[in-house]
Amino acid sequence: MIKVVHYLNQFFGQVGGEEKAHIEPFVKEGFIGPGMALNAAFKGQAQIVATIICGDSYYAENEEKAKNTILEMIKKYEPDLFIAGPAFNAGRYGNACGSICKYVKDNLNIPVLTGMYIENPGVDLYKKDIYIISTKDSAVGMRDAIPKMAALALKLINNEEIGTPETEGYIERGIRKNYFAQERGSKRAVDMLVKKIKGEEFKTEFKMPDFDRVEPNPPIVDIKNAKIALVTSGGIVPKGNPDKIESSSASKFGKYDIEGVFDLTSETYETAHGGYDPVYANKDADRVLPVDVLRELEKEGKIGSLHRYYYSTVGNGTAVANAKRYGQKIAEELIKDGVQAVILTST
Amino acid sequence: MRLELGKIFIKDVQFSDETRVENGILYINKEELLKEVSGDERLRSIDVELAKPGEEVRIIPVKDVIEPRVKVEGKGGIFPGFISKVDTVGSGRTHVLKGAAVVTTGKIVGFQEGIIDMTGEGAKYTPFSKTNNIVLVCEPVDNLPQHEHEEAVRMVGFKAACYLGRAGKNVEPDEIKVYETLPLLEQVNMYPHLPKVVYVYMLQSQGLLHDTYVYGVDAKKIIPTFIYPTEVFDGAIVSGNCVSACDKNPTYVHMNNPIIEDLYERHGKDINFIGCIITNENVYLADKERSSNYTAKLVEFLGADAAIISEEGFGNPDADLVMNCNKIEEKGIKTVLVTDEYAGRDGASQSLADSTPKGDAVVTAGNANELILLPPMKKIIGHVEAADIIAGGFAGSLREDGSIEAEIQVITGATSEVGFGYLSAKGF
């Protein structure tokens, strides 16, 4: 019998919601939650022998420790296969599923599999390393996802040839493989052109990556009267992180009033960012968000004014789609507030 | 401009005392051929060998491949600007020894020359494993500068192809194919309800042994211009390239440009194929800007509704491809791009050096970095030790038993960006 170990977060592991996100990993014999449907989908060809449940926050904040603890738990069952999730569009859960799958694959050399929604930040981080079944953005998609996960898992364990993303239902990993087509390239090009002209559906053989280039705006003509705002992906927040912006794959951005603030100090501001050494940012957050310098320029009359609010999020592992949405929302507000220029800082 | 292409099918090639075509066999008087191609002091020796489909033969390093053709009726001759005077070609009648090919080899000129295997795994990747090859082994004198070496070998290939082509002058072709493109306004009026299509034909012109010639002119020095598609069938465009073997266009491929052939196939049915724009791929940004601006302007000027754009080479020319695509699409003209990929040996890297969301219709000729193991061959024509230094090979590519492990980049025509081959790639 093929032995499978399954990984779930606190919610799908039926421990609790966000209030239980801090729980440390523990093992349950057999299956639970989505594992029931998954086990059934194996139709007797494989069996979930154990389920590991871990809180999303715990995993995110203690990744190294969590990975190793979980690996030891998995080893005891000598599984042939490891499955995590599906995580749908849950960012921290997706990252945990991707991270633990890769770790198990690298250390135990067994097939691994997870499932996520295409915009889950875990997708971009791990799709090159592991197979991720493409799911809907919420648990509503469980019924679609489970049979696909079971089918691909069995193929992986039986060492069968894995088909294209369309046929197997996984998210394209960006690995290019050659094959001989039925028609020569020139004929394929002419056929594609005729379809494109007629407005018929055609399928490109290579999807050009969209680098989303942004044309720089023209320089400010009257800088002495310009209202300038600060926006950062470096995670600078008022001390205590009032909006609880996540240290990785942020699900939100914050807007903070700096009226009367002339200098960011270690008593008043800090970074929420988990992707760089925070020591110097926490000592003096002006290093990431230069409020002090802009106040001086304001005083000297070199700029018109510093905008009353600054915006902040964490760029660490944040999906491009999310980042884009935050950017659009922030830009709308800035325009409405009559801001003429923005200084964007990262880390 | 109307051209009849008379194809004489060649199923075998043999040495003989007289050069002639009889019952589909090309007989060659070796001495006469050598006399025809010799005389260049820059070459120490020239020899001729034959390589036929299915034989255990490897040709390495392959510089160029050329098809024997002869002008039977109409103005000018094959390879204007090199072998013939610079009359405008592309009309009248031309005979082709279809199934025969001249291949040039000898001491390597540049780093980027190819391999043709006549059998085995490698044979699947090159179109020239299916042709009866007349191989000219050209050895240069000592200390010959590379660009002179290139030119000398290039001319030997053209001379040999014209000499052999003449054997078909009075032979009744097995098949005649007629291609015709009218002067622009007449052509537009001929099929007024069909979408007008042009072919944007990018020519490798990065320089330093990366050169293509048009009527004898170095393509670096042209500004994009308009040609009748049939001109290429008479050798108006030739290769002077020593670039990666997989995706350069050997002269043979220019003479048989498959995009032109396949556009003619749909001409008058789904599209109105009004002509070709040739452009270059120079390395300076100003040149790239000028040529892509000029190309887009011409496409618009001609009133085209859609265009196929083919690249030659990779890396730096990816920028030209993307500029051409952007500027043509910005005019509301639909494009299809033909390229190949350099996605790394594991296929996981970024395929192209540049990208545009406007390039939503792309035909790929495959990942040139994919590894292949070429089995040992009984006979080598040329210099097998080149395997370690040609582009796509590496130190240790050539193994003791004579097998070669290398990227398919080493195989002549493996990832043809004018779609001469069948190879493609899928995302997994």
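This is a predicted model, so every value here is computed, not measured. (Residues numbered from 1 in each chain as written. Chains lettered and ligands numbered in written order. Predicted model: local features only at pLDDT ≥ 70, side-chain atom pairs only at ≥ 80, totals over all residues. Heavy atoms only, no water.)

## Describing the overall build of chain B
This is how the line gets drawn: In this text, helices come from DSSP runs of H or I with a minimum length of four residues, and strands from runs of E with a minimum of two, each type numbered from the N-terminal end. With C-alpha atoms as the basis for the radius of gyration, the globule rule is written as 2.2 Å multiplied by the number of residues raised to the power 0.38. Whether two residues are in contact is decided by their heavy atoms, any of which lying within 4.5 Å being enough. Areas reported as accessible are Shrake-Rupley estimates using a 1.4 Å probe. Residue values count occlusion only from the protein chains shown. Under the counting rule used here, the positive set is Lys and Arg, the negative set is Asp and Glu, and His together with the chain ends is not counted. To locate a charge, take atom NZ for lysine, CZ for arginine, CG for aspartate or CD for glutamate.
Of regular secondary structure, chain B possesses 7 helices and 26 strands. In terms of overall size, chain B behaves like a compact globule, its C-alpha atoms giving a radius of gyration of 21 Å where 428 residues would be expected to give roughly 22 Å. Oriented by its inertia axes, the alpha-carbon framework of chain B measures out at about 55 × 50 × 40 Å. Partitioning the intrachain contacts of chain B with sequence separation of at least 6 by distance along the chain shows that 80% fall at a separation of at least 24. Taken as a whole, chain B presents about 14,800 Å² of accessible surface, with 50% of it coming from carbon and sulfur. Within chain B, the 64 negative side-chain charges are centred at a point lying 3 Å from the centre of the 43 positive side-chain charges.

## Focus: the nonpolar core
Put simply, the rule reads: Residues grouped as a nonpolar core are buried Ala, Val, Leu, Ile, Met, Phe, Trp, Tyr and Cys residues, joined through side-chain atoms within 4.5 Å. Note on exposure labels: buried denotes an accessible area under 20% of the residue type's maximum, exposed denotes more than 50%, and partly exposed covers the range between, all computed with a 1.4 Å probe on protein chains only.
Counting 61 residues, the largest nonpolar core has Y7, F42, F82, I83 and L113 of chain A as its most contacted members. A per-element tally of this core places helix α6 (residues 142-157) of chain A first, with 9 residues. Those residues in contact with F82 of chain A that lie beyond four places of it in its chain are V5, Y7, I74, I100, C101, V104, I110, P111, V112 and L113 of chain A. Counting 55 residues, the second-largest nonpolar core is a separate cluster that includes V190 of chain A together with A101, F233 and I271 of chain B.

## Description of the domain arrangement of chain A
Under the convention used in this document: Those domain boundaries reflect an automatic or database domain assignment.
When its domains are assigned, chain A resolves into domain 1 (2-168) and domain 2 (223-345). Computed from C-alpha atoms alone, the centre-to-centre distance between domain 1 of chain A and domain 2 of chain A is 36 Å.

## Concerning the side chain of K98 of chain B
All names here are of chain B. Our working definition: By the criterion applied in these results, polar contacts are pairs of N or O atoms within 3.5 Å in which, for protein atoms, one can donate a hydrogen and the other can accept it, and in which residues neighboring in sequence qualify only through two side-chain atoms.
Counting through the fold element by element, K98 comes out in strand β9 (residues 92-98). Residue classification places K98 among the buried positions, given a relative accessible area of 18%. Here the side chain of K98 touches E67 through a polar contact of 2.9 Å, side chain to side chain. Beyond its immediate sequence surroundings of up to four residues, K98 is in contact with K7, I8, F9, I10, E67, R69, Y252 and N256.

## Things to note about the packing of aromatic side chains
The criterion, for reference: Pairing of aromatic rings covers Phe, Tyr and Trp, the last counted by its six-membered ring, and requires centre-to-centre distances within 6.5 Å; plane angles under 30 degrees mean stacked, over 60 mean edge-to-face, and any other angle means tilted. Whether a charge lies above a ring is judged from NZ of Lys or CZ of Arg, which has to be within 6 Å of the ring centre and within 35 degrees of the ring normal.
Counted under the stated rule, the structure contains 20 aromatic pairs over all chains. Residues Y252 of chain B and F420 of chain B carry aromatic rings whose centres are separated by 6.2 Å and whose planes lie at 80 degrees to one another, so their mutual orientation is edge-to-face. Of this pair, Y252 of chain B sits in helix α4 (residues 251-255) while F420 of chain B is found in the loop between β25 (404-407) and β26 (423-427), placing the two residues 168 residues apart along the sequence. F420 of chain B sits in the buried class, given a relative accessible area of 15%. Aromatic ring contacts, followed pair by pair, group F11, F12, F88 and Y93 of chain A into a single cluster. K177 of chain A extends its terminal NZ or CZ atom over the ring of F428 of chain B, reaching a point 4.9 Å from the ring centre. The cationic tip of K255 of chain A hangs over the ring face of Y309 of chain A; the distance from NZ or CZ to the ring centre is 4.6 Å.

## Describing the side chain of S397 of chain B
Residue and element names in this part refer to chain B. Mapping S397 onto the fold places it in the loop between β24 (379-382) and β25. In this structure S397 comes out as buried when scored by relative accessible area, which is 0%. When residues no more than four places from it in sequence are discounted, the contact partners of S397 are A387, D388, S403, I404, E405 and A406.

## What about the environment of G199 of chain A?
Residue and element names in this part refer to chain A. Mapped onto the elements of the fold, G199 is located in the loop between α8 (185-198) and β8 (227-232). Of the residues examined, G199 reaches a relative accessible area of 64% and is grouped as exposed. The spatial distance from the C-alpha of G199 to the C-alpha of D284 is 57 Å, given a sequence separation of 85 residues.

## Some thoughts on the interface of chain B and chain A
Where interface size is given, it is often the accessible area lost as the parts come together that is meant. Keep this limit in mind: Buried area: the accessible area, evaluated with a 1.4 Å probe, that two parts lose upon being put together, summed over both parts. Within this document, salt bridges are pairs made up of a side-chain nitrogen of Lys or Arg and a carboxyl oxygen of Asp or Glu, the two lying within 4 Å of each other.
On the side of chain A, 41 residues touch chain B, which itself brings 54 residues to the contact. Carbon and sulfur atoms supply 60% of the area that chain B and chain A bury against each other, a total of about 4,300 Å² over both sides. When the buried area of chain B at its contact with chain A is split by residue, Y422, K426 and F428 of chain B rank highest and sum to 19% of it. Scanning the region where chain B abuts chain A turns up 7 salt bridges. Notably, a salt bridge pairs R176 of chain A with E341 of chain B, separated by 2.6 Å at the nearest N-O pair.

## Let's talk about the sheet that holds strand β4 (residues 25-28) of chain B
Residue and element names in this part refer to chain B. For clarity, the cut-off: By definition, two strands form a pair when at least two bridges between them are found by DSSP. Orientation is described by axes fitted as lines to C-alpha atoms, over the contacting stretch for helices, and by angles from 0 to 180 degrees between their N-to-C directions.
Strand order in the open sheet formed by 3 strands is β2-β4-β3, with mixed pairing between adjacent strands. Each having just a single partner strand, β2 (12-15) and β3 (20-22) make up the two edges of the open sheet. Along the sheet, successive strands turn relative to each other by an average axial angle of 25 degrees, direction set aside. Bridge count between β3 and β4: 3 bridges; the pairing is antiparallel. If you follow E22 over to β4, its bridge partner there is I25.

## Here's the deal with the sheet that holds strand β13 (residues 175-180) of chain B
Residues and elements named next belong to chain B. The strand order across the open sheet built from 4 strands is β8-β9-β1-β13, with neighbouring strands paired in mixed fashion. At either end of the open sheet lies a strand with only one pairing partner, and these are β8 (69-73) and β13. On average, adjacent strands in this sheet sit at an angle of 25 degrees to one another, irrespective of strand direction. Direction of pairing for β8 relative to β9: antiparallel, over a ladder of 4 bridges. When the bridges of β9 are listed, R69 appears paired with V96.

## Focus on empty space enclosed by the protein
Residue and element names in this part refer to chain B. The condition is simple: Only protein atoms enter the 1 Å grid, on which a cavity is a set of points fitting a 1.4 Å probe that cannot get out and a pocket is an open set with protein on both sides within 12 Å along at least 5 of 7 lines, lining residues being those with an atom within 4 Å of a point. Grid points are joined across faces, edges and corners, and a volume is the space filled by probe spheres set on the points. We call Asp, Glu, Lys and Arg charged. Ala, Val, Leu, Ile, Met, Phe, Trp, Tyr, Cys and Pro are nonpolar, and the rest, Gly among them, are polar.
Within this structure, the stated rule accounts for 1 cavity of 30 Å³ or more. By volume, the largest cavity is sized at about 30 Å³. P61, K63, T105, G106, K107, V109, E113, C138, H149 and V153 together form the lining of the largest cavity. Elements with a minimum of two residues in the lining of the largest cavity: β10 (100-106) and α2 (146-165). Counted by class, the lining of the largest cavity contains 4 nonpolar, 3 polar and 3 charged residues.

## Some words on the pattern of salt bridges
What the rule picks out here adds up to 56 salt bridges over all chains. With a shortest N-O distance of 3.3 Å, D270 of chain B and K198 of chain A are connected by a salt bridge. On the criterion of chain membership, the pair formed by D270 of chain B in the loop between α5 (258-266) and β19 (272-280) and K198 of chain A in helix α8 is interchain, its members lying in two chains. Accessibility expressed as a relative area gives 19% for D270 of chain B, which makes it buried. One salt bridge connects E4 of chain B with R93 of chain B, and the closest N-O pair in it is separated by 3.5 Å. Here R93 of chain B lies in strand β9 and E4 of chain B lies in strand β1 (residues 2-9), a separation of 89 residues in the sequence. What makes R93 of chain B buried here is its relative accessible area of 14%. Several salt bridges share partner residues, and in doing so they unite E183, K187, D191 and K198 of chain A together with R266 and D270 of chain B into one network.

## Quick notes on the packing of helix α1 (residues 30-37) of chain B against α2 of chain B
Residues and elements named next belong to chain B. Stated precisely, the cut-off is as follows: An angle counts as roughly parallel when it lies under 35 degrees, as roughly antiparallel when it exceeds 145, as roughly perpendicular when it falls between 65 and 115, and as oblique in every other case. A clockwise turn of the near helix away from the far one marks a right-handed crossing, whereas an anticlockwise turn of less than a right angle marks a left-handed crossing.
Their axes nearest at 9 Å, the elements α1 and α2 cross at an angle of 135 degrees. In this view, α1 runs oblique relative to α2, as classed from their interaxial angle. Here α1 runs over α2; the crossing is right-handed. Contacts from E32, L33, E36 and V37 of α1 reach α2 at V156, K159, A160 and Y163. Taken together, the residues of the contact of α1 with α2 break down into 5 nonpolar, no polar and 3 charged.

## A word on unusual backbone geometry
With an omega of 15 degrees, the peptide bond running from G85 of chain A to P86 of chain A counts as cis. Looking at the element boundaries, P86 of chain A is found in the loop between β4 (81-84) and α4 (91-108). Of note, the amide linkage connecting I60 of chain B to P61 of chain B takes the cis form, showing an omega dihedral of -10 degrees. Its identity as a non-glycine residue notwithstanding, N241 of chain A has a phi of 50 degrees, on the positive side. Relative to the elements of secondary structure, N241 of chain A occurs in the loop between β9 (236-238) and β10 (254-257). Note on N241 of chain A: relative accessible area 11%, which makes it buried. With a phi close to 50 degrees, Y215 of chain B is a non-glycine residue in the positive phi region. Position of Y215 of chain B among the secondary structure elements: in the loop between β15 (210-214) and β16 (217-218).

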